[in-house]
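# Architecture and fold: a report
Residue strings, one per chain:
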Amino acid sequence: MRFTSLTLRQFRNHESLDVCLNAGVTVLYGPNGSGKTNLLEALHLLSLGRSHRTAQDAEMIQTGKSAALARGQTQRLDGRHDIELRLYAQARPHKRVRLFGKPAQRVMDLMGHATTVMFSPEDLRIVRDGPPARRRFVDMQLSQIRPGYLRALKTYLSALENRNALLRQSRLYGAAELFSLLDAWDEQLAAAAAGVVEGRRWFLEALGQEAARTYRSIAQNPDEPLGMEYAGPLSRSDAPGRDMLAGLAQARREDIRRQYTTFGPHRDDMRLTLCGQELRAFGSQGQVRSAVLSLKLGEIRLIEREMGEPPALLLDDVFSELDVRRRAALLSSADGLQTVITCTDRQDAAGARADAYWRTALDERGLAVVTEG
């Protein structure tokens, strides 16, 4: 899979951008704040329907404007795919997708038309931050590979939101009525939870195997194995739907007291270890970088294996963060992939065997200008 073109209108500091992308390596260089990461963000948005760095879509709309556009074309094994995503500050819905020139019913429909793996310094948060950061990583990457997982996740989160709203208003109901309403939401949560748990279990087992192999080659220390484990209340369940219902029933009185749902896959985590010890607590900066790099390279191989073609690789200012050995491992794994690299200085990407160089700068209005060379 590769992008062939990208069009931006009023997207971040790109007022108007039309570029064609080559199938090899493109280096995008320029000062910080000149729009390099914004371009990668647009490619990521067209792949997953969301930004890799903000949950607020309105932040991607240029300051003072009411809407933004990102449009891309990709070439896949089955032909050309046309993807368009518009963001609106006020109009509803705030996010609208068009595929092959026609409106899509849901944002999730764009899954599978573009596939990317992104690696940035912020990805160290996968290890360093709490469970929400790791759940977000799992959910975003798994959704690209299996769109059915995203449907199950959205159904689960919608039911969870409604159940929590009911719990916050529990004092308005009698016990019998409240329990009857909770029974209904519990059934919906349990049905959706099964798909979420089964998807996460498969993904973490498959990615864990790929990442462990990659880590061994990067660390060059067979006595330092990388481990990945699915951790959650249903992670070992043979019947997650049934066990979800049982867990909700057992926690019901505590949920009513706390006014939110305390049991379920919304509390899941991904446990990363080195030599059996928690990477988050005991890993050095170098070990954390190697582990995150291994996750990303493992993603590439997993996507290619499951989807039959590799993703595009987006590297946001990571070369300055990696030593020679880790950089070589990254470049070796990127061989043959469409790759877009951002850096502040052209020389930072030395060794990347780039096919094209683009320079970013700011004009007198503070807007991004992209030029070749």
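Let us look at the structure shown here. It should be emphasised that the depicted structure is a prediction, and the values quoted were computed from it without experimental measurement. (Residues numbered from 1 in each chain as written. Predicted model: local features only at pLDDT ≥ 70, side-chain atom pairs only at ≥ 80, totals over all residues. Heavy atoms only, no water.)

Moving on, we come to the layout of surface pockets. When its volume is computed, the largest pocket comes out at roughly 760 Å³. Contributing to the lining of the largest pocket are 27 residues, with Arg50, Leu150, Leu153, Lys154 and Leu157 lying nearest its centre. With nine residues, helix α4 (residues 147-168) is the single largest residue contributor to the lining of the largest pocket. Its residues placed into classes, the lining of the largest pocket shows 13 nonpolar, five polar and nine charged. Approximately 410 Å³ is the volume attributed to the second largest pocket. Those elements giving two or more residues to the lining of the second largest pocket turn out to be α1 (36-48), β8 (116-119), α2 (125-128) and α3 (131-145). At six residues, the largest contribution of residues to the lining of the second largest pocket is made by α3. (1 Å grid on protein atoms, 1.4 Å probe; cavity = no way out; pocket = protein on both sides within 12 Å on 5 of 7 lines; lining within 4 Å. Points joined across faces, edges and corners; volume = space filled by probe spheres on them. Helix = DSSP H or I, 4+ residues; strand = E, 2+ residues; numbered from the N terminus. Nonpolar A, V, L, I, M, F, W, Y, C, P; charged D, E, K, R; others polar.)

This part is about the environment of Leu87. Relative to the assigned elements, Leu87 resides in strand β5 (residues 79-88). Since its relative accessible area comes to 1%, Leu87 is described here as buried. Distance from Leu87 to Arg326, taken between C-alpha atoms, is 37 Å for residues 239 residues apart in sequence. Once residues lying within four places of it in the same chain are set aside, the contact partners of Leu87 are Leu45, Asp57, Met60, Ile61, Ser66, Ala67, Ala68, His94 and Lys95. (Buried < 20%, exposed > 50% of the residue type's maximum accessible area, 1.4 Å probe, protein only. Contact = heavy atoms within 4.5 Å.)

Right, let's talk about the packing of aromatic side chains for a bit. Here the distance between the centres and the angle between the planes together describe a pair of aromatic rings. Applying the stated criterion across every chain, the model contains two aromatic pairs. Between Trp202 and Phe203, the aromatic rings sit 6.5 Å apart at their centres with planes inclined by 50 degrees, giving tilted as the arrangement. One cation-aromatic arrangement involves Arg96 over Tyr88; the distance from NZ or CZ to the ring centre is 4.2 Å. Over the aromatic face of Tyr357 sits the side chain of Arg346, whose NZ or CZ is 3.6 Å from the ring centroid. (Phe/Tyr/Trp six-rings, centres within 6.5 Å; stacked < 30°, edge-to-face > 60°. Lys NZ or Arg CZ within 6 Å of the ring centre and 35° of its normal.)

Here we take up the nonpolar core. Residues Met244, Met270, Leu295, Phe319 and Leu330 are the most contacted members of the largest nonpolar core, which totals 67 residues. Considering every element that reaches this core, the biggest residue donor is helix α5 (residues 175-219), with 14 residues. Each residue touching Leu330, except ones within four places of it in the same chain, is listed here: Phe119, Leu293, Leu297, Leu313, Leu315, Val318, Phe319 and Leu322. Within the second largest apolar cluster, 32 residues are counted, among which are Leu39, Ile83, Leu99 and Ala312. (Core = buried A, V, L, I, M, F, W, Y, C linked by side-chain atoms within 4.5 Å.)

We now examine the sheet that holds strand β9 (residues 226-231). Sheet architecture is open: three strands sit in the order β9-β10-β11, paired in antiparallel fashion. Edge positions in the open sheet fall to β9 and β11 (277-278), since each of these has one partner strand only. As paired strands, β9 and strand β10 (residues 269-274) are joined by six bridges and run antiparallel to one another. Among the inter-strand pairings, Ala231 is bridged to a residue of β10, identified as Asp269. Sheet contacts for α5: β9 and β10; angle to β9, the most-contacted strand, approximately 175 degrees. (Pairing = 2+ DSSP bridges. Axes fitted to C-alpha atoms, helices over the stretch in contact; angles between N-to-C directions.)

A few words now on the packing of α3 against α5. Packing of α3 against α5 brings their axes to within 10 Å, and their N-to-C directions diverge by 95 degrees. On the basis of the axis angle, α3 is roughly perpendicular to α5. Across the interface between the two elements, Arg135, Phe137, Val138, Asp139, Gln141, Leu142 and Ile145 from α3 touch Gly199, Arg200, Trp202, Phe203, Leu204 and Leu207 from α5. For the contact of α3 with α5, the class distribution of residues is eight nonpolar, two polar and three charged. (Parallel < 35°, antiparallel > 145°, perpendicular 65-115°, else oblique.)

Attention shifts here to the pairing of strand β13 (residues 339-343). The element β13 is extensively covered by neighbouring structure, given that five of its five residues are classed as buried. Judged by which residues are buried, β13 turns out to be covered on both faces: Thr339, Ile341 and Cys343 on one side and Val340 and Thr342 on the other are all buried. In this sheet, β13 lies alongside strand β3 (residues 25-29) in parallel orientation, the contact comprising five bridges. Counterpart to Tyr29 in the pairing with β13 is Cys343. Crossover strand β12 (residues 312-316) to β13 through helix α9 (residues 324-334) is right-handed. (Right-handed = clockwise from strand over helix to strand, strands pointing away.)

Moving on, we get to the side chain of Arg12. Relative to the helices and strands, Arg12 is located in the loop between β1 (2-11) and β2 (14-20). According to the relative accessible area criterion, Arg12 is buried, its value standing at 18%. Within the structure, Arg12 has its side chain in polar contact with the side chain of Glu41 (distance 2.8 Å). Beyond its immediate sequence surroundings of up to four residues, Arg12 is in contact with Asn38, Glu41, Arg53, Thr54, Glu59, Met60, Ile61 and Gln62. (Polar contact = N/O pair within 3.5 Å; in protein donor to acceptor, adjacent residues only side chain to side chain.)

A separate point is the sheet that holds strand β14 (residues 356-362). If you trace the six strands from one edge of the open sheet to the other, you get β8-β12-β13-β3-β14-β15, paired in mixed fashion. One side of each edge strand has no neighbouring strand; the edge strands of this open sheet are β8 and β15 (368-372). On average, each strand axis in the sheet is tilted by 20 degrees relative to the strand beside it, whichever way the strands run. With five bridges joining them, β14 and β15 adopt antiparallel strand pairing. Note that in β15 the partner of Arg359 across the bridge is Thr371. The strands that helix α8 (residues 285-307) touches are β8 and β12; relative to β8, the one it contacts most, it runs at about 170 degrees.

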